[in-house]
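Examining the three-dimensional arrangement
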Amino acid sequence: MVVVVGGGATGLGVAWDLVQQGVPVTVVEQGDLGQGTSGRFHGLLHSGARYAVEDPGTARDCWTENQILRRIAPGAVEATGGYFVATAGDAEEYEERWLLGCQTAGIPVRPVPVAEARQRVPALGGGVRRVYGVPDGVLEGFSLLLGLAKGIVAQGGAVWPRTRLTRVASRAGSVSGVELDGAGGRRTLACSAVVNAAGPWAGEVSTRFEDPIALRLASGTMLVFAHRQVPLVINRLAPPGDGDILVPHRHVSIFGTTDVPVAHAGALGATVSEVQRLMELGGELYPGIEQWRVLRAFAGIRPLFDGGISAEGWVSREFAVIDHGRRGGMAGAFSVVGGKWTTYRKMAQETANAVMGYLGIRRTADTATLRVPLDPGPGSADSDATPLICECERVSAAALARQNGSLSERRVATWFGMGPCQGTFCGDRAAQSRARVVGVEAAEQELAAFRAERAKGMVAVRWGRNAQQEALQQAIRWQTLGEREERP
Amino acid sequence: MRAGSGSWKAIEPVRKTQVREGGQAMWSDTDSCLKCSICVAACPVYRADPEFLGPKALGPDWYRLFQQGDTRPFAHVDDCTFCQLCEAACPAGVPVAHLIALQKSLVKRPFRMRVRDSVLTRPHWVARVPGALGLAPPALGRALGLSASAWRVRRRRRPRFDPLAAAVSARGTVGLFVDCFSRGYDREAVGAARALLEVWGFGVREVPGQSLCCGAAAYASGRPAQAGSMAKQMAAGLARDAQHLQWLVTLNATCDGTLRDEWPRFLDAVPVVPVRAFDDVAAEEAPEAFWRRLRAGAPHPPVALHTTCRGKVARGEGGLSRLAALAGIAAEPLDAACCGAAGSYAFKREHAAIAQKMGRKAGQAMPAGTGGLWVDSGTCAVHLEEMSGVRARHPAVWLWEAWQQAAHGPATLRERE
Amino acid sequence: MTPPVLVIGRGPAGMLAASLFCLAGVAVDLVADGAGTLPLWSGAWHFRSYDGARLLDDPWQWWADAEGHPYAAWSSQQWREGWQTLSQVWRLAGIPTHPLPSRNWWTVSAAGTPDRAFLVPAWQYAVPAAEPVCLVGFEGLADSLADVQAVRYSRRCNLRAEVLALPSPPGWDGTWSTVRWASYLESEPGGAWLLEELTRRLAGVSDELPLLFPQVMGIRRVADILGAITRSTGRRAYEVPAPPPALGGIRIQEQWTRWLLRNGARFRSGHVDGITEDGVTWHHTQSLNGAAVVNATGGVLGGGLAIRRDGSLWETVAARRLGGSSALGQDGRVVTAGRQLPGCDPDRHGDGGAVNLASAVEAVRGTLQRLGWQPARSAGEGGVGIVESH
Ligand SMILES: Cc1cc2nc3c(=O)[nH]c(=O)nc-3n(C[C@H](O)[C@H](O)[C@H](O)COP(=O)(O)OP(=O)(O)OC[C@H]3O[C@@H](n4cnc5c(N)ncnc54)[C@H](O)[C@@H]3O)c2cc1C
Ligand SMILES: Cc1cc2nc3c(=O)[nH]c(=O)nc-3n(C[C@H](O)[C@H](O)[C@H](O)COP(=O)(O)OP(=O)(O)OC[C@H]3O[C@@H](n4cnc5c(N)ncnc54)[C@H](O)[C@@H]3O)c2cc1C
Ligand code: SF4
Ligand code: SF4
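All values reported here derive from a predicted model rather than from experimental measurement.

Attention now moves to helix H21 (residues 378-388) of chain B. Structurally, the α-helix is built with 3.6 residues per turn, so residues lying three or four positions apart point the same way. Residues and elements named next belong to chain B. In terms of burial, H21 is largely enclosed, as eight of its 11 residues are buried. Regarding H21, the residues found buried are Gly378, Thr379, Cys380, Ala381, Val382, His383, Leu384 and Met387. Directly beyond the C-terminal end of H21, a positive phi value near 75 degrees is found at Gly389.

Now the structure itself:
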C-alpha cells in the first residue's frame, strides 16, 4: 500500500499512475480536492513558450505534456491557442532570444499580422508591435482533478478528502504506516511507502520524514473578470513578470499574476495592493480593462524548489523527485516538488517510477496514452425538468443534486455560484434544496461556508459594478432573506 | 438609457460604441449585469408571452455565452419588440435590448421571411408607394408572413387648410421631420403639425426631402448593420436638407429616440441640428395666447394618453399630460407599458397573437367615457384604435382640431400674425 | 413660468418626495436613469426593525434614545404623521396597507424566518403577535420551499408551522421567474388551477391557520386572488416575500407611478451628470431647469454612490468625493433623500423605510420653506399634507 499526501494535480496524478501498475493507493487530502494550488491556478495549458528563455527544460516538458493532455483529457482542455504580444515598449532583443528558445524546445510559433490579431482580439490596445501565435490552451483543472479521482477509485484505489496526514511511522528506518486525522477522528494506516505531493505544504510534510526540504513560497494573485474578454490566451512578450497572462476560462477571463514571497502555505487570499498593481499592468495591454466588470480575486501559492535558482535569480519551474531514504531520511518516503499543472503527468510518472523502484515493481502501463475518465463538463445538462438554481451558470436543481458533498464541493463540480451574481440569488436556493437532504441547520452551515468563500474573493475587488453587486447581495441577504448572523 | 451610467464611469463620459468586433459594434457595460431582474419586471412581452425568456436571459446571459463562442440564438428571441423598457430600467447600464438585437441578427430565417423583413425594415420604400400594400392581395401577405393588421392600415389624408403662402416667418424656419409611417399613411398628422407650427409663428420645411429611414425598424428586426447604413444615409440627407434649420420637430417617438439616443451611441451617426419632440415644442414654443384660446374653446370630452414605449425610454412620460393640461382638456394616462404595435412588429404574422394580447390589455385599460386617444406614434395609434375602438390620433391632430374649433377656420391664422 | 422642482431618482425616496410635492400643488419632474430598487423588495417599510443581529420589537423606543442618527430629532408625533402621510399617499394610489401599528408588525422573511416591518402592504402577511401558520409551497418554485421555511419558522419562533405542498402548474418549466408565476396565476386558467389544487389538498391542514403563499399571487389582481382563496377556503390568505423580481415592489411601483402621472408629475429619462445654478445637466451636455433639486439617487446599488477603484466613495451626480453627502446641500438648494444618507445602513439596521420616509418629508418641507411656498393642502385628495415641523 502506498499513501499519497495531497489531493492536487500531482498527488492524484501519482495515484492514478500507481493504480494503473496495480499498486494499491490511498490519497489523503486535508481539505477538498483541489483546495491547494491546483484549484487556484491560472488555467493555462502551457505550450512552454512562456519559459522558452529562462527555463528551457520546463519549456520542453510543457510542450510535450501539452500534446499528451490534449489526447488523454480532451474534455478538460480547450484548444484556444495563444498569442505572445510585444508592445512598443518591450525589448526586441528579448523577442529574438524568445524565438530561438521556442525553436530549441520545438514549440511551433507562427507570426500573426498585428491587424489580424486586433481584429480577433479587439480588447488589445493600439500599442501592439508584434504578435506570435503559440499552441497554448485552457486547462479545466477541476474537471481533470475530479476525473482522476474517479478513475483512481474505479481502479480500486481510495481518495479520502478532509483527511490530514499527521505522522509517519517507521520501522527500522523504513516507512511502516501513517497516522491520519479526518472526519471520523484519528486513525492509522499501514503502508510501505509515502509520497509527499503536498504542494506548498511539502516542506512541512517532509519534516515527518526526518529529512526536511526547503521550499520558497510565493503567492500569486489573479483577477477574474465576469465575461470572456478575449477568445484565446494572451501572453506578454517580455521576460516573465507580473500581470503578463490573460486566460479565457469558460465564461470568464483570468488575469495574473503577481509574485510575493510568503512565509507559510496557509497564507491564501488576494490583497488590495496586488489587485491594484494588476489593474495597472493590465491597462498597458488592454486599455478597456478599467471598464471590465471584475468578479473576484484569488491567490495561489507557488512552491518553488530552491534547488533550481538560475544565475538570473529566476527560480526554475522544473520539478524534483526526492527519495528521502537516499538522503538519510526514512526509506520509502518520497517528495515531489515544483513543476506546473501542465506537467503533472510527467511529474507523477517519475515519482511513481521512483516508488516502484523502491517496491521492486515494474512499469506495465503508460499514462501518456491512457484516457482519463471525465464527466461531461459543468453546465452541459441545463434544460431538465427541474428549476434553475443558478441562472448565471445555468445549473438546475437536478444537476446540483447529482453531485456529492457540501455546497462548496457542488460549486466546484457544477460551477454554480461562480457567475456574475456570486451566489446572491442561487446561494439560498441551493441551501434550501440541500436542507431537504441534510436538514436545515447543516444546510445553513454549508451556506455560511459557501458565502464566506465567495465573500473572500470579493473583498479585494470592491469597486464599480462589483461594489454594486455586493450592495445587492447584502440587501438580499439582510433584508429579503432576513439573515441575522452577527456581522463584523 | 445612458452612456456610462451611475458609477464612477459617469465621471468620464464614455460612448456606448467603443470598439468594433468583426465589424460589429461592441459596447461598454455589456458585462455589468447584476442579475437583479429589474429588467424582467419591466418587460411587457415577458408578461404576455409564456415562451419568451425575458430580457435578462436573452440579453446579458446570452451574451456571456456568445462571448464564449456559442453563437446559437435562444428560442423566441424574435418575440422581443425592442421597446427598450428593460434597458431603461437597468441599474447597471447594460445595453440589454441592443444585445438582444445582436442575437436576433444571428437567427436563421426562412427565405420568405427574409423577403418580408427586407421590406418591413425599409419602411421608407413602403412610404414611397403607400398604396402598394393595399393593392397586394391578402393571400400574398399571408404567404409572406404578414399579419392581418398590415392590411388594415389606411392612409389618412392631410387636413384641409391653406398653408401660409411663404414659409418665411418671424420665428425662423424649423424642420418637420417626416418619418416613414407619417409620410406614407399619416399625412393628417404631418399636415396638422405643420399648420400648428405655422400658427405658432414658425416657417416649416418638411425633411428629409426624399423618403429615407432612420434605421429604427431595421434595428428592431435584428439588422443592426443595415440600420447603421440607413442611419448614415438619413444623416447625409438631413445634412443636405436641414442644415440651415433651427431644429427638427419629430412626430414619432420611436424615430425621435432613434435620432437622439441610438444614432450617436449605437449607429455612429448624428443629426445635423438639434431634435425636439412635437410635444416638447408645443409646450415650450406655442404662445400663451394659443393655449388661452384653446382653453376658452368648447369643452372637450376627456381623452386618454398613450406615450409609446420608445417615448418613455428616450424621454419619459407625462409630456402629453402637460399638453392636455395646457389645452384645458381632461386627460388620463393609459395604463399600458407597451401596446404591442412596436413599429412593424404587429405586422409580422408570428407576432400577431402576442401583439393582439398586449393591445387588448391596453384597450381594456381605456377609461370609460374616453373621447379619444392621443398617441405619439402612428403605428401604435393604428394598433390601439383597432384594439379599443377609440379614435386614436397624434396629439398634433387633436390640437389642430381643437384650434380649428376654437378659432373657426383658417382665417384666424392670419389674424394671429 | 416657474420651472418645476427636480427630483433625481425614482426609487421609493424619489417617488415619495415627488408625491408630497404633487400634493402641495408644486410641479415636479422625476429625472432618473433607471427604475430604482422597488422591484427588488416586497415593499414592506422597515422602521428600525433590527439592530445588528438583534430583532427589535419597538421602534419608538429605539428612536426615543437614538443619538447621532440623522433623524434622532424626530419626535414620535412627527413619525406618526410621517407614516400616516405615506399610507395615505399609498391609499390614494390604490396600494392598500395593513393599518398603522403601534409597534412593528410580525412578518415572515423570504427565508421563512420571523421578521419585523412597520408599514406593510395588505397582501403581505403581518400580525401583531407571532402565531402558528401554514406555509404553502409550489413544486418548482425554488426560492420558496415551504417545508424548509416551516422548519426555520418554527425553530426561530417556537411555534407550529404546517406545510401545504402544491404541484407545479401545467406548462411550467425550470426557467419560470416569480413574474412568470404571477402572470400565470392571475390568468383565468391559472386562477382556476390554483383553487382546484388548493381545495383538493387542504384537508390535512389545521383549520384555523392562515395560509402563507409565496409572493407570486398575481401582478395586478393580487387582492382578487387572495380574496377568492379566503372565500373558497374560509382562511386568511397572505403572501410572504420572495427574492427579485419581487412582485410586491413591482405592484407598488406601477400603481404609484400611475398615480404620480395622473397628478401631473413628469417622468424624465436620463442620466444626470451635474448640478448647476439653475437645475441639473444631463445627457452629458444638456441642461434642465429646476426651482430646486432633491437628490434621491440611492446608494451604491441605486447609482447615487460609486466606489472607485482606489476605494474612495463618490457622489455620482455632483461627481465629487464624498465628505458626507450633506456637502451637496450647503447652499440649501439641493437636499438629499433616501438610501444615500451617511450613517444609515438599512441592511444592518432595518430602517431603510424609515430613513426614506423621514428624508423625503424633510427634503420636501425644506424645499417648500426655502422657496417660500405654502403647501396647498387639497382637501379633495383626502387631506394629505406635508407634515408640519414641531
Ligand atoms: C498563481 C499560480 C498560477 C499558476 N498557473 C499555472 C498555469 O496557468 N498553468 C500551469 O500549468 N501551472 C500553473 N501553476 C502551477 C500549478 O498550479 C502547480 O504547479 C500545481 O497546481 C501544483 O499541484 P500540486 O498537486 O503539486 O499541489 P497542490 O495543488 O497545492 O496540492 C497539494 C495538496 O496537498 C494537501 N496537503 C498539504 N498538506 C497535507 C497533509 N498534511 N495531509 C493531507 N493533505 C495535505 C493540500 O491541501 C493540497 O490540496 C500556477 C501556480 C500558481 C501559484
Ligand atoms: C433587495 C432589497 C430589499 C429591501 N428590503 C427592504 C425592506 O424589506 N424594508 C425596507 O424598508 N426597505 C427595504 N429595502 C430598501 C432599501 O433599504 C433602500 O431604502 C432603498 O432601496 C433606497 O431607495 P432610494 O429611493 O433611496 O434609491 P433607489 O431605489 O436606489 O433609486 C435610485 C434612483 O436614482 C436614479 N439615479 C441614480 N443616479 C442617477 C443619476 N446620476 N442620474 C439620474 N438618475 C439617477 C436611479 O435610476 C434610481 O431611479 C430593500 C432594498 C433592496 C435592494
Ligand atoms: S440586465 Fe440590468 S436590470 Fe437586467 S438583471 Fe442585469 S443588471 Fe439587472
Ligand atoms: S426590448 Fe422590450 S420586449 Fe425586448 S426584452 Fe426588452 S423590455 Fe422586453
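From this point, things continue past the structure.
Residues and elements named next belong to chain B. Around ligand 3, the surrounding shell holds 14 residues, and the nearest of these are Cys33, Cys36, Ser37, Cys39 and Cys90. Mapped onto the shell around ligand 3, the elements with two or more residues apiece are helix H1 (38-42) and helix H3 (55-67). Classifying every residue of the shell around ligand 3 gives 11 nonpolar, one polar and two charged.

For the rest of this paragraph, the subject is the packing of aromatic side chains. Scanning the model with the defined rule gives 39 aromatic pairs over all chains in all. Geometrically, the ring pair formed by Phe82(B) and Tyr219(B) is stacked, given 5.2 Å between the ring centres and 10 degrees between the ring planes. Linking Phe82(B) in the loop between H3 and helix H4 (85-89) with Tyr219(B) in helix H13 (residues 216-220), this pair joins segments that are 137 residues apart in sequence. Taken as a pair, Phe82(B) and Tyr219(B) share a single burial class, namely buried. Geometrically, the ring pair formed by Phe47(C) and Trp60(C) is edge-to-face, given 5.2 Å between the ring centres and 90 degrees between the ring planes. Pair noted here: Phe47(C) is in the loop between strand S2 (28-32) and strand S3 (50-51) and Trp60(C) is in helix H2 (residues 59-64), with a separation of 13 residues, a long-range link.

A few words now on the interface of chain A and chain C. Across the boundary between the two partners, chain A contributes 39 residues, which contact 37 residues of chain C. Overall, the association of chain A and chain C removes approximately 3400 Å² of surface from exposure, summing both partners, and the carbon and sulfur fraction of that is 50%. Our count for the contact surface shared by chain A and chain C stands at nine salt bridges. Across the salt bridge formed by Glu280(A) and Arg309(C), the nearest N and O atoms sit 3.9 Å from each other. A per-element tally of the side of chain A that touches chain C places helix H13 (residues 464-480) of chain A first, with 11 residues. Partitioned by chemical class, the residues of the side of chain A that touches chain C number 17 nonpolar, 10 polar and 12 charged.

Residues and elements named next belong to chain B. Along the polypeptide, Ser147 turns up in the loop between helix H9 (138-144) and helix H10 (148-152). Judged by its relative accessible area of 4%, Ser147 falls in the buried class. A sequence separation of 222 residues divides Ser147 from Gly369, and the C-alpha atoms of the two residues are 30 Å apart. Reaching out from Ser147, the side chain makes a polar contact with the backbone oxygen of Ala346 at a distance of 2.5 Å.

With that out of the way, let us pick up the interface of chain C and chain B. On the side of chain B, 44 residues touch chain C, which itself brings 37 residues to the contact. Here chain C and chain B share an interface that buries about 3200 Å² over both sides, 53% of which is from carbon and sulfur atoms. Summed over the three residues of chain C that lose the most area to chain B, namely Arg180(C), Leu261(C) and Arg266(C), the buried surface amounts to 20% of that side. Counting every contact that joins chain C to chain B gives six salt bridges. Secondary-structure elements contributing two or more residues to the side of chain C that touches chain B are helix H5 (178-185), helix H8 (247-262), strand S11 (266-269) and strand S16 (305-307) of chain C. No other element matches the five residues that H8(C) contributes to the side of chain C that touches chain B. A breakdown of the residues in the side of chain C that touches chain B according to their chemical character gives 17 nonpolar, 11 polar and nine charged. As judged from the two bridges shared by strand S8 (residues 316-317) of chain B and S11(C), these two strands associate in the antiparallel manner.

This paragraph deals with the pattern of salt bridges. All names here are of chain A. As enumerated under the stated definition, the model contains 90 salt bridges over all chains in all. For Glu391, the salt bridge identified is with Arg429, shortest N-O distance 3.1 Å. Note that Glu391 is positioned in the loop between strand S22 (388-390) and strand S23 (395-396) and Arg429 in helix H11 (residues 426-438), a separation of 38 residues in sequence. The class for Glu391 is partly exposed, based on a relative accessible area of 25%. Given a relative accessible area of 6%, Arg429 falls into the buried group.

We now examine the sheet that holds strand S7 (residues 133-138) of chain C. All names here are of chain C. As summarised here, the arrangement of the four strands in space is S8-S7-S9-S10, forming an open sheet in which the pairing is parallel. At either margin of the open sheet sits one strand with a lone partner, and together these are strand S8 (161-166) and strand S10 (237-240). For this sheet the average axis-to-axis angle between neighbouring strands, irrespective of direction, equals 30 degrees. Across the sheet, helix H7 (residues 222-233) lies against strand S9 (211-214) and S10, angled at about 135 degrees from S10, the strand it touches most.

Residues and elements named next belong to chain A. Segmentation of chain A into domains returns domain 1 (77-137 + 216-304) and domain 2 (388-480). Counting from both sides, the interface comprises 15 residues of domain 1 and, opposite them, 16 residues of domain 2. The contact between domain 1 and domain 2 buries some 1400 Å² in all, and 57% of this surface belongs to carbon and sulfur atoms. For domain 1, the biggest contributors to the area lost against domain 2 are Arg293, Leu295 and Arg296; these three give 42% of the whole.

Before going further, it helps to examine the pairing of S2(C). All names here are of chain C. Counted residue by residue, S2 has five buried out of five residues, so it is predominantly covered. Residues Val28, Leu30 and Ala32 line one face of S2 and the alternating positions Asp29 and Val31 line the opposite face, and both faces are buried. Inspection of the sheet shows strand S1 (residues 5-8) paired to S2 by four bridges, in the parallel sense. Directly across from Leu6, in S2, lies its bridge partner Asp29. Regarding topology, helix H1 (residues 12-23) serves as the crossover connection from S1 to the parallel S2, and that connection is right-handed. Pairing analysis gives four bridges linking S2 to S11, with the strands arranged parallel. Paired with Asp29 across the strands is Arg266, a residue of S11.

What follows concerns the nonpolar core. With 107 residues, the main nonpolar core has Phe416(A), Leu472(A), Tyr219(B), Leu238(B), Leu248(B) and Trp263(B) as its most contacted residues. Val5(C), Val7(C), Leu194(C) and Ala265(C) belong to the second-largest nonpolar core, a separate cluster that totals 83 residues.

What follows concerns the site of ligand 2. For ligand 2, the set of nearby residues contains 38 residues, the closest of which are Asp33(C), Thr37(C), His46(C), Val272(C) and Arg339(C). At the site occupied by ligand 2, the surrounding residues belong to chains A and C. Interatomic distance of 2.8 Å between a backbone N/O atom of Ala44(C) and a nitrogen atom of ligand 2. His271(C) places a side-chain nitrogen or oxygen 3.5 Å from a nitrogen atom of ligand 2. Secondary-structure elements contributing two or more residues to the shell around ligand 2 are H13 of chain A together with H1, S2 and helix H10 (352-371) of chain C. In terms of residues, the shell around ligand 2 owes the most to one element, H13(A), which gives four residues. Considering only residue class, the shell around ligand 2 consists of 16 nonpolar, 19 polar and three charged.

Attention now goes to the sheet that holds strand S15 (residues 293-295) of chain C. The strand order across the open sheet formed by six strands is S8(B)-S11(C)-S2(C)-S1(C)-S15(C)-S19(C), and the pairing between neighbours is mixed. Each edge of the sheet is formed by a strand with only one pairing partner; in this case those strands are S8 of chain B together with strand S19 (334-336) of chain C.

Cut-off values and rules
- Residues numbered from 1 in each chain as written.
- Chains lettered and ligands numbered in written order.
- Predicted model: local features only at pLDDT ≥ 70, side-chain atom pairs only at ≥ 80, totals over all residues.
- Heavy atoms only, no water.
- Buried < 20%, exposed > 50% of the residue type's maximum accessible area, 1.4 Å probe, protein only.
- Helix = DSSP H or I, 4+ residues; strand = E, 2+ residues; numbered from the N terminus.
- Near = heavy atom within 4 Å.
- Nonpolar A, V, L, I, M, F, W, Y, C, P; charged D, E, K, R; others polar.
- Phe/Tyr/Trp six-rings, centres within 6.5 Å; stacked < 30°, edge-to-face > 60°.
- Contact = heavy atoms within 4.5 Å.
- Buried area = accessible area lost by both parts, 1.4 Å probe.
- Salt bridge = Lys/Arg side-chain N within 4 Å of Asp/Glu carboxyl O.
- Polar contact = N/O pair within 3.5 Å; in protein donor to acceptor, adjacent residues only side chain to side chain.
- Pairing = 2+ DSSP bridges.
- Axes fitted to C-alpha atoms, helices over the stretch in contact; angles between N-to-C directions.
- Domains from an automatic or database assignment.
- Right-handed = clockwise from strand over helix to strand, strands pointing away.
- Core = buried A, V, L, I, M, F, W, Y, C linked by side-chain atoms within 4.5 Å.

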